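In case you want the letters, here they are:
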Amino acid sequence: MNFDIRKDEIVGYTNKNTDLNLNLILRCVFKVRANIELDEDNWRQILEGEWMVEFHAPWCPACNALSSAWKELSNKAQSKKFSMKAAAVDVTKSPGLSGRFVVTALPTIFHVKDGEFRQYKGPRDASSMLEYVEKARWKQTEAVPSWKAPDSMQMGVVAHFFKLSQALRSVHNMLMETYGLPTWGSYLIFAIATIFIGALLGLILVCVIDLLYPPRRSDKVFISRAEAEKRGEEKKSDDDLINDDIVDEAENADSDAEKNSPSDTSDDDKDKDLGAGEGQSGEGKGDKQEVRKRRSRKAD
């Protein structure tokens, strides 16, 4: 709750009712305004100054247990006149902020100092959190990198996805509670819608690509039938020449193999030649003559 009460109004009221203490009223007002509720519209105010931000949910028992310590932290910081302010985010009302800060557990506490974000992981009592700010122990904690900072553009996209998921969950609950559909019926509707949207987006993407990068079409050349027949005959003659070359190479290979083949004389012919050579060894003065018979060769 935020009360827009001006100091002069309180002073005027206390003038009429002297039994009220001005300091007490101001203290009560500051206590009410100590915890600032952040949402999608006003969360950027934490980018300036020093803040302690708590992410909570009404159904979270640990968050409910931390609420008293969080109020005490706000009161102590106000009484000691710290520049630090305390704020809270209800993730059920602002799911986009939980996406920006990548909140995966509840409660989660962040310390923000001049646009630098650090997650607080110390004890969850008011004194420890106050010392974390007072003694600047946050300097020992590594800051969230720039690419993961909640105020970056990519985390803004993540925040929109979280908001979309929350909207889809609301539709799912409405289909089951209001219209009485079973769980599988709701999932079936979501599946059909996903396929239809995916096909539509794919068609749009293809059209955009064709518009930006049109396909190159080869120019068609028209020729007469006579020229086409002429080209066909030329191609056929080239194929005949290739086949003739293959046949000639095969014949040359056969002739070379025939030339280099060993003698075809039989073993009996070799024995006869050896006998004749031994009978003529005396007359020929040790010279041997070998007679070899060879088959007639084919003409190359």
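The rules behind each value
Residues numbered from 1 in each chain as written. Predicted model: local features only at pLDDT ≥ 70, side-chain atom pairs only at ≥ 80, totals over all residues. Heavy atoms only, no water. pLDDT = per-residue confidence, 0-100. Contact = heavy atoms within 4.5 Å. Salt bridge = Lys/Arg side-chain N within 4 Å of Asp/Glu carboxyl O. Helix = DSSP H or I, 4+ residues; strand = E, 2+ residues; numbered from the N terminus. Buried < 20%, exposed > 50% of the residue type's maximum accessible area, 1.4 Å probe, protein only. Phe/Tyr/Trp six-rings, centres within 6.5 Å; stacked < 30°, edge-to-face > 60°. Pairing = 2+ DSSP bridges. Right-handed = clockwise from strand over helix to strand, strands pointing away. Core = buried A, V, L, I, M, F, W, Y, C linked by side-chain atoms within 4.5 Å. Expected span 1.5 Å × (residues − 1). UniProt positions renumbered as here; feature names shortened; annotations may be inferred. Axes fitted to C-alpha atoms, helices over the stretch in contact; angles between N-to-C directions. Parallel < 35°, antiparallel > 145°, perpendicular 65-115°, else oblique. Left-handed = near helix turned anticlockwise from the far one by under 90°. Nonpolar A, V, L, I, M, F, W, Y, C, P; charged D, E, K, R; others polar.

### A look at the confidence of the model for the chain
- Chain-level statistics for the chain give a pLDDT mean of 75 and a share of 64% at 70 or above.
- Counting contacts from residues 1-34, a segment whose pLDDT is below 50, to residues more than four positions away or on other chains yields 18 contacts.
- Considering only residues more than four positions removed or in separate chains, one finds that residues 276-291, a stretch of pLDDT under 50, has two contacts.

### With respect to the pattern of salt bridges
- Within the structure shown, the criterion is met by four salt bridges.
- Ionic pairing is found between Glu72 and Lys76, a salt bridge with its closest N-O pair at 3.1 Å. In this pair, Glu72 and Lys76 both sit in helix H3 (residues 61-79), four residues apart, roughly one turn of the helix.
- By relative accessible area, which is 26% here, Lys76 ends up partly exposed.
- Note that Glu131 is salt-bridged to Arg137, the shortest N-O span being 3.5 Å.

### Focus on the packing of aromatic side chains
- According to the stated counting rule, one finds six aromatic pairs in the structure shown.
- Each ring, one from Trp43 and one from Phe101, has its centre 6.3 Å from the other, and the planes form 80 degrees; the classification is edge-to-face. A residue pair is termed long-range when its members are at least 10 positions apart, and Trp43 in the loop between strand E1 (35-38) and strand E2 (50-56) and Phe101 in the loop between helix H4 (95-100) and strand E4 (108-113) qualify at 58 residues. Like Phe101, Trp43 is buried.
- Within the aromatic cluster, the residues linked to one another by ring pairs are Trp43, Phe55, Phe101, Phe110 and Phe117.

### Details of the pairing of strand E3 (residues 85-90)
- Extensive coverage of E3 is indicated by the burial of five of its six residues.
- Here E2 runs beside E3; their pairing, made up of six bridges, is parallel. By the bridge assignment, Trp51 is partnered in E3 with Lys85.
- Between the parallel pair E2 and E3, the chain is carried across by H3, and the sense of this crossover is right-handed.

### Some words on the nonpolar core
- Residues Leu38, Ile46, Trp51, Val53, Phe55 and Phe101 are the most contacted members of the largest nonpolar core, which totals 19 residues.
- Per-element tally for this core: the top contributor is E2, with three residues.
- Not counting residues up to four positions away in its chain, the partners in contact with Leu38 are Trp43, Gln45, Ile46, Val53, Ala87, Ala88, Val89, Ser94 and Leu97.

### Description of unusual backbone geometry
- In this structure, the amide linkage connecting Leu106 to the following residue, Pro107, adopts the cis form with an omega of -10 degrees.
- Among the structural elements, Pro107 can be located in the loop between H4 and E4.

### Regarding helix H6 (residues 153-177)
- Here H6 spans 36 Å end to end across 25 residues, near enough to the 36 Å set by a 1.5 Å rise per residue.
- In this structure, the buried side of H6 is in contact with H4 and helix H7 (183-212).

### Quick look at the UniProt feature "transmembrane region" (unreviewed entry) in the chain
- When the UniProt feature table is mapped to this numbering, "transmembrane region" (unreviewed entry) covers residues 184-213.
- The span residues 184-213 carries 97% helix and 0% strand; its end-to-end C-alpha distance comes to 43 Å.

### Digging into helix H5 (residues 126-134)
- Buried residues of H5: Ala126, Ser128, Met129, Leu130, Tyr132 and Val133, and no others.
- Elements in contact with the buried residues of H5: E2, H3, E4 and strand E5 (116-120).
- Ala136, located one to two residues past H5, shows a positive phi value of around 55 degrees.

### Some words on the environment of Phe82
- Position of Phe82 relative to the elements: it lies in the loop between H3 and E3.
- Phe82 has contacts with Ala77, Leu130 and Glu134, leaving out every residue within four places of it along the chain.

### Focus on the packing of H3 against H5
- Across the interface, H3 lies against H5 with an axial gap of 8 Å and an inter-helix angle of 45 degrees. The angle between the axes of H3 and H5 places the two elements in the oblique class. Remark: the crossing between H3 and H5 carries right-handed chirality. On H5, the residues that touch Leu66, Ala69, Trp70, Glu72, Leu73, Lys76 and Ala77 of H3 are Ala126, Ser127, Met129 and Leu130.
- Its residues assigned to classes, the contact of H3 with H5 shows eight nonpolar, one polar and two charged.

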